[in-house]
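Spelled out, the chains give:
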Amino acid sequence: MRVVFTQINNHLPLFLESIGADWQQEDVQRPTGYRYYHWLQTTSGQGVVTINDQSIILNRGAGILISPHVPHQYRSVKPNQWRTEYLTFGGRNASDLLDSQQLNYQLFNKYNLALQQFIEKNGSAVTLTSDPNELSVFIYRFILLLNQARQENGLLNSRQHNLPILAKVKQFLDASYQQPVTNQQLATQSGFTTQHLNRQFKQRYHATPLQYLTDLRLRKAQVLLISQPELSIEQVAIQTGFSSSSYFIAQFHRQTQLTPRQFRQLH
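From a predicted model like this one, the values you see are computed outputs, not experimental measurements.

## Focus on the sheet that holds strand β9 (residues 83–90)
Item 1. Taken together, six strands build an open sheet; the order of strands is β1-β2-β9-β4-β7-β10 and the sheet is antiparallel. A single partner strand is all that each edge strand has here, and the edge strands are β1 (2–4) and β10 (105–108). In this sheet, adjacent strand axes meet at a mean angle of 10° when their direction is disregarded.
Item 2. Seen against the sheet, helix α4 (residues 132–152) touches β2 (15–24), β4 (37–44), β7 (63–66), β9 and β10 and runs at an angle of roughly 110° to β9.

## So, the packing of helix α3 (residues 118–126) against α4
Item 1. Orientation of α3 relative to α4, taken along the N-to-C sense of each, is 175°, at an axis distance of 11 Å. It follows that α3 is roughly antiparallel to α4 by the angle criterion. Along its contact with α3, which presents Phe118, Asn122 and Val126, the element α4 presents Leu135, Phe138, Arg141, Phe142 and Leu145.
Item 2. The residue inventory of the contact of α3 with α4, partitioned by class, reads six nonpolar, one polar and one charged.

## Quick look at the packing of aromatic side chains
Item 1. Applying the stated rule across the entire model yields 15 aromatic pairs.
Item 2. Relative to Trp82, the ring of Tyr74 lies with its centre 5.9 Å away and its plane at 90°, an arrangement referred to as edge-to-face.
Item 3. Through successive ring pairs, a cluster of aromatic residues spans Tyr37, Trp39, Phe89, Phe108, Phe118, Phe138 and Phe142.

## Let's talk about the sheet that holds strand β8 (residues 72–76)
Item 1. Pairing in this open sheet of four strands is antiparallel, and the strands run β3-β8-β5-β6 from one edge to the other. Strands with a single pairing partner mark the edges of an open sheet, and in this sheet they are β3 (28–30) and β6 (54–58). Each strand axis lies, on average, 15° off the axis of its neighbour in the sheet, ignoring direction.
Item 2. One ladder, built from five bridges, connects strand β5 (residues 47–51) with β8; its direction is antiparallel. Paired with Thr50 across the bridge in β8 is Gln73.

## Some details on unusual backbone geometry
When glycine is set aside, most residues are seen to have a negative phi, and most peptide bonds are trans.
Item 1. Of note in the backbone geometry, His69 takes a positive phi value of approximately 65° without being a glycine.
Item 2. Positionally, His69 belongs in the loop between β7 and β8.
Item 3. Not every positive phi belongs to a glycine, and Gln257 is a case in point at roughly 65°.
Item 4. Within the element layout of this structure, Gln257 appears in the loop between α10 (245–256) and α11 (260–266).

## Digging into the nonpolar core
Item 1. Counting 26 residues, the largest nonpolar core has Leu16, Trp39, Leu87, Phe89 and Phe142 as the members making the most contacts within it.
Item 2. Broken down by secondary-structure element, the contributors of at least two residues to this core are β2, β4, β9, α1 (94–98), α3 and α4.
Item 3. Looking at this core element by element, the count peaks at eight residues for α4.
Item 4. Not counting the four nearest positions on each side in its chain, Leu16 is found in contact with Phe5, Ile8, Leu87, Thr88, Phe89, Val126, Leu135, Phe138 and Ile139.
Item 5. Membership of the second largest hydrophobic core comes to 14 residues, among which are Val28, Leu58, Ala62 and Ile66.

## Some words on the pattern of salt bridges
Item 1. Across all of its chains, the model carries four salt bridges by this definition.
Item 2. Residue Arg83 is joined to Asp22 by a salt bridge in which the shortest nitrogen-to-oxygen separation is 2.8 Å. Of this pair, Arg83 sits in strand β9 while Asp22 sits in strand β2, placing them 61 residues apart in sequence.
Item 3. You can call Arg83 partly exposed: its relative accessible area is 27%.

## Quick notes on α4
Item 1. The first and last C-alpha atoms of α4 sit 30 Å apart over 21 residues, in line with the 30 Å expected at 1.5 Å per residue.
Item 2. Those residues of α4 not exposed but buried are Leu135, Ser136, Phe138, Ile139, Phe142, Ile143, Leu145, Leu146, Asn147, Ala149 and Arg150.
Item 3. Here α4 starts with a cap whose side-chain oxygen sits 2.9 Å from the backbone nitrogen of Asn133, and that cap is Asp131.

## Considerations on the environment of Arg75
Item 1. Within the fold, Arg75 resides in strand β8.
Item 2. When the C-alpha positions of Arg75 and Gly123 are compared, they lie 23 Å apart, and in sequence the two are 48 residues distant.
Item 3. Apart from residues no more than four positions distant in its own chain, Arg75 is found in contact with Asp27, Gln46, Gly47, Val48 and Trp82.

Conventions and cut-offs
Residues numbered from 1 in each chain as written. Predicted model: local features only at pLDDT ≥ 70, side-chain atom pairs only at ≥ 80, totals over all residues. Heavy atoms only, no water. Pairing = 2+ DSSP bridges. Helix = DSSP H or I, 4+ residues; strand = E, 2+ residues; numbered from the N terminus. Axes fitted to C-alpha atoms, helices over the stretch in contact; angles between N-to-C directions. Contact = heavy atoms within 4.5 Å. Parallel < 35°, antiparallel > 145°, perpendicular 65-115°, else oblique. Nonpolar A, V, L, I, M, F, W, Y, C, P; charged D, E, K, R; others polar. Phe/Tyr/Trp six-rings, centres within 6.5 Å; stacked < 30°, edge-to-face > 60°. Core = buried A, V, L, I, M, F, W, Y, C linked by side-chain atoms within 4.5 Å. Buried < 20%, exposed > 50% of the residue type's maximum accessible area, 1.4 Å probe, protein only. Salt bridge = Lys/Arg side-chain N within 4 Å of Asp/Glu carboxyl O. Expected span 1.5 Å × (residues − 1). Polar contact = N/O pair within 3.5 Å; in protein donor to acceptor, adjacent residues only side chain to side chain.

Here it is in structure tokens:
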């Protein structure tokens, strides 16, 4: 069985893109990854999944969840002797419900029977409907079982576990405020997606990383405006990492209700 749902509303909280069961798995190469979350589970035989130059054997009963846009490939250990179940899904709430974005993939060698049999027991029924709400509930139930398995196997990271990573990001911002910094750069450094990093960083420091960076730059600028009156406004902007003096002035006014020049005159 293999079904692909072509009528997809990408703005839905959750949606199912494709599902397969008892599938004779062909070799797959995805140098740019897949656009949705991809769950792949061995029902018989063995497969080899390669991610980041790491080869992972997927034995019978084992499953792997691959995050969107992560380059990967997989093949049967023995030709034509690997059968799988799989589903691909997405939605604006998918990453929040999964709540663990620092890994490119998660491997499940041992997990509960309900998750192992989920596609086998529910797959046929879900392929008979085109109701997006029913499909969304189907994925929601799958994610709940997936999170339960991750907790049982210690794969679901707690906020406490994330603290050293968040502290490292903050230290990087403190040291690099004079240089251009992008969300992608921070995501790469932390191993989180931008969305997950923003959420976790804000919970810890009450601002997203780039908001924190802007506030830091403005604090540094205030010090320079007072301590080095010989510097021009443009020089202060450059030394504190702002891309232009006009952007610096706008951000400074937004925070203090004063222009940098007015602030300097008051001190």
